[in-house]
Amino acid sequence: MLQLPKSKTKQNLVSVDEAYELCRQITAEYAKTFYFGTLLMPKEKSKAIWAIYAWCRLTDELVDGEKAKYTTKETLAEWEQQLESIFAGYPLDDTDVALVDTIQNYPMGIEPFRDMIAGQRMDLVKNRYQTFEELELYCYRVAGTVGLMSNAVLGIGKDRNGVPWEKDKPIYVPTQEAISLGLAMQLTNILRDVGEDMQRDRIYLPLDDLHAFDYTEADLLAGTIDDRWKAIMKFQIKRARDYYKQAEDGIRYLIRDSRLPVWASLMLYQGILDEIEVNNYDVFNKRAFVAKHKKTLSLPIAWLRAQVL
Ligand SMILES: CC(C)=CCC/C(C)=C/CC/C(C)=C/CC/C(C)=C/COP(=O)(O)OP(=O)(O)O
């Protein structure tokens, strides 16, 4: 029997359309790059992605937002109960209404959603990562999972070139590639936000990597930018770019109308790495962002890649 959180009962929830509108607003406000990507999708798909992103954002807010100081393990356990309720078809909050509808339209498993909550649980108790393996698990949980959720909506298909010899081939599901895009984006996020995270006593860069370049926590706290730091950043940027490359190879397996939004989001987010380089690896005093004219410029290239790659 499903146990609903005590504080919640199903009453006075908004209509499905209103729920999607709420999710749209949340996505537009918090995740500008992805919101832009969703505007390049067929309306039905963009609505589903808003519902998923809104849930992810609300999950993230539990440990990262204003209410974070009141969040405990129990809060996350309740949130997981609410998730079970959504997957059982019973929305408890307004935004849940959209997610329930999305799950009906695009069948998907609950596991990536549970994994994401596990990622927030890590954030609750952990503020240092010793090895890249530990960090990779965290990145999978908070972002790779979004790739898995997105795949269900974006759709996998073999309308690739419409050539006869592809017709009978089994459909390839680019699961690993979707996860890689999430990992690449999260690593990018981590590199962009090093200074900001440090203020909150959080270091996501693996301590092993810092030590390998003879750089200390004290250096990080002081915002030391020298050859050691630049070498660390070059290493991390290369690692993130390798994940983008893996992701790129999977886009061709998505159905045609999903390729442009994914290429566009990938290129825009990857552009943040270029900006970090332009800023001479100063992630302590500057927040790397991609200027509007560069975003506009990358669109035709994304379009072309979506057609030919
Ligand atoms: C490549 C294939 C086969 C499929 C695509 C699958 C997708 C869409 C993967 C991407 C998953 C994704 C969007 C992960 C979230 C990553 C992330 C770091 C989000 C950061 O979000 P915010 O912190 O809100 O972003 P900004 O603050 O930068 O706006």
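Residues numbered from 1 in each chain as written. Predicted model: local features only at pLDDT ≥ 70, side-chain atom pairs only at ≥ 80, totals over all residues. Heavy atoms only, no water.

All right, on to the confidence of the model for the chain then. For the chain, per-residue confidence averages 94 on the pLDDT scale, and residues scoring 70 or more make up 95% of the total. For this predicted complex, the interface confidence comes out at an ipTM of 0.94, alongside a pTM of 0.94. (pLDDT = per-residue confidence, 0-100.)

This brings us to the environment of Lys73. Tracing the backbone shows Lys73 in helix H4 (residues 73-87). Residue classification places Lys73 among the exposed residues on the basis of a relative accessible area of 54%. Along the primary structure Lys73 and Thr175 are separated by 102 residues, whereas in three dimensions their C-alpha atoms are 30 Å apart. (Helix = DSSP H or I, 4+ residues; strand = E, 2+ residues; numbered from the N terminus. Buried < 20%, exposed > 50% of the residue type's maximum accessible area, 1.4 Å probe, protein only.)

Turning our attention to the site of the ligand. Every one of the 25 residues lining the ligand counts as a neighbour, but Arg57, Gln186, Asn189, Arg192 and Tyr269 are closest to it. Between an oxygen atom of the ligand and a main-chain N or O atom of Tyr30, the distance comes to 3.4 Å. The separation between an oxygen atom of the ligand and a polar side-chain atom of Arg192 is 3.0 Å. Protein chains shield 88% of the accessible area of the ligand, which is 760 Å² for the free molecule. Counting residues per element, the ones that place at least two in the shell around the ligand are helix H2 (32-38), helix H3 (43-64), helix H7 (132-154), helix H9 (175-192), helix H13 (227-251) and helix H14 (256-278). Residue classes in the shell around the ligand are distributed as 15 nonpolar, 6 polar and 4 charged. Taken domain by domain, the makeup of the shell around the ligand includes at least three residues from each of domain 1 (1-111) and domain 2 (126-309). (Near = heavy atom within 4 Å. Polar contact = N/O pair within 3.5 Å; in protein donor to acceptor, adjacent residues only side chain to side chain. Areas by Shrake-Rupley, 256 points an atom, 1.4 Å probe, with all protein chains shown as cover. Nonpolar A, V, L, I, M, F, W, Y, C, P; charged D, E, K, R; others polar. Domains from an automatic or database assignment.)

What the rule picks out here adds up to 25 salt bridges. With a shortest N-O distance of 3.8 Å, Lys47 and Glu44 are connected by a salt bridge. With Lys47 and Glu44 both in helix H3, this residue pair falls 3 residues apart, about one helical turn. Owing to a relative accessible area of 16%, Lys47 belongs among the buried residues under this scheme. The closest approach of N and O atoms between Glu217 and Arg128, which form a salt bridge, is 2.9 Å. One end of the pair, Glu217, is in helix H12 (residues 217-222); the other, Arg128, is in the loop between helix H6 (111-125) and H7, and 89 residues separate them in sequence. A single salt-bridge network, built from bridges that share partners, covers Arg192, Asp193, Glu196 and Arg287. (Salt bridge = Lys/Arg side-chain N within 4 Å of Asp/Glu carboxyl O.)

Turning our attention to the state of the cysteines. Enumeration according to the criterion identifies 0 disulfides in this entry. Here Cys139 is not cross-linked by a disulfide; its sulfur's nearest cysteine counterpart is in Cys56, at 15 Å. On the basis of relative accessible area, Cys139 is assigned to the buried category, the value being 1%. (Disulfide = S-S within 2.5 Å.)

The geometry of an aromatic ring pair is captured by two quantities: the separation of the ring centres and the angle between the planes. Under the defined criterion, the tally for this structure stands at 13 aromatic pairs. Ring geometry for Tyr215 and Trp229: centres 5.2 Å apart, planes at 35 degrees, overall tilted. Here the residue Tyr215 occupies a position in the loop between helix H11 (207-212) and H12, and Trp229 occupies one in helix H13, the gap between them amounting to 14 residues. Exposure class is identical for Tyr215 and Trp229. Each is buried. Three or more aromatic residues link up through ring pairs in this structure, and these residues are Trp55, Trp79, Phe87 and Phe113. (Phe/Tyr/Trp six-rings, centres within 6.5 Å; stacked < 30°, edge-to-face > 60°.)

What follows deals with the environment of Arg202. Position of Arg202 relative to the elements: it lies in the loop between helix H10 (194-199) and H11. Residue contacts for Arg202: discarding those within four places in its chain leaves Asp123, Lys126, Asn127, Arg128 and Asp197. Of the polar contacts made by the side chain of Arg202, one reaches the side chain of Asp123; its length is 3.0 Å. (Contact = heavy atoms within 4.5 Å.)

Here we come to a nonpolar patch on the surface. On the surface, a cluster of nonpolar side chains totalling about 410 Å² of accessible area is made up of Trp303, Leu304, Val308 and Leu309. Summarising the element assignment, Leu304 is placed in helix H15 (residues 292-308). (Patch = residues over 30% accessible without salt bridge, like charges linked within 9 Å, V, L, I, M, F, W, Y side chains within 5 Å.)

This paragraph deals with the domain arrangement of the chain. Assigned domains of the chain: these are domain 1 (1-111) and domain 2 (126-309). Put simply, the middle of domain 1 and the middle of domain 2, counted by C-alpha atoms, are 24 Å apart. Taken together, the contact between domain 1 and domain 2 spans 18 residues of the former and 18 residues of the latter. For the pair domain 1 and domain 2, the summed buried area comes to about 1600 Å², and 75% of that belongs to carbon and sulfur atoms. Of all residues in domain 1, the largest losses of buried area upon contact with domain 2 belong to Thr33, Leu40 and Lys45, amounting jointly to 31% of the total for that side. In this assembly, domain 1 and domain 2 are joined by 2 salt bridges. (Buried area = accessible area lost by both parts, 1.4 Å probe.)

Before going further, it helps to spend a moment on unusual backbone geometry. Phi at Asn280 takes a positive value of approximately 60 degrees, unusual for a residue other than glycine. As for its position among the elements, Asn280 is in the loop between H14 and H15. The class of Asn280 is partly exposed, set by a relative accessible area of 43%. Non-glycine residue Tyr281 carries a positive phi angle of around 65 degrees.

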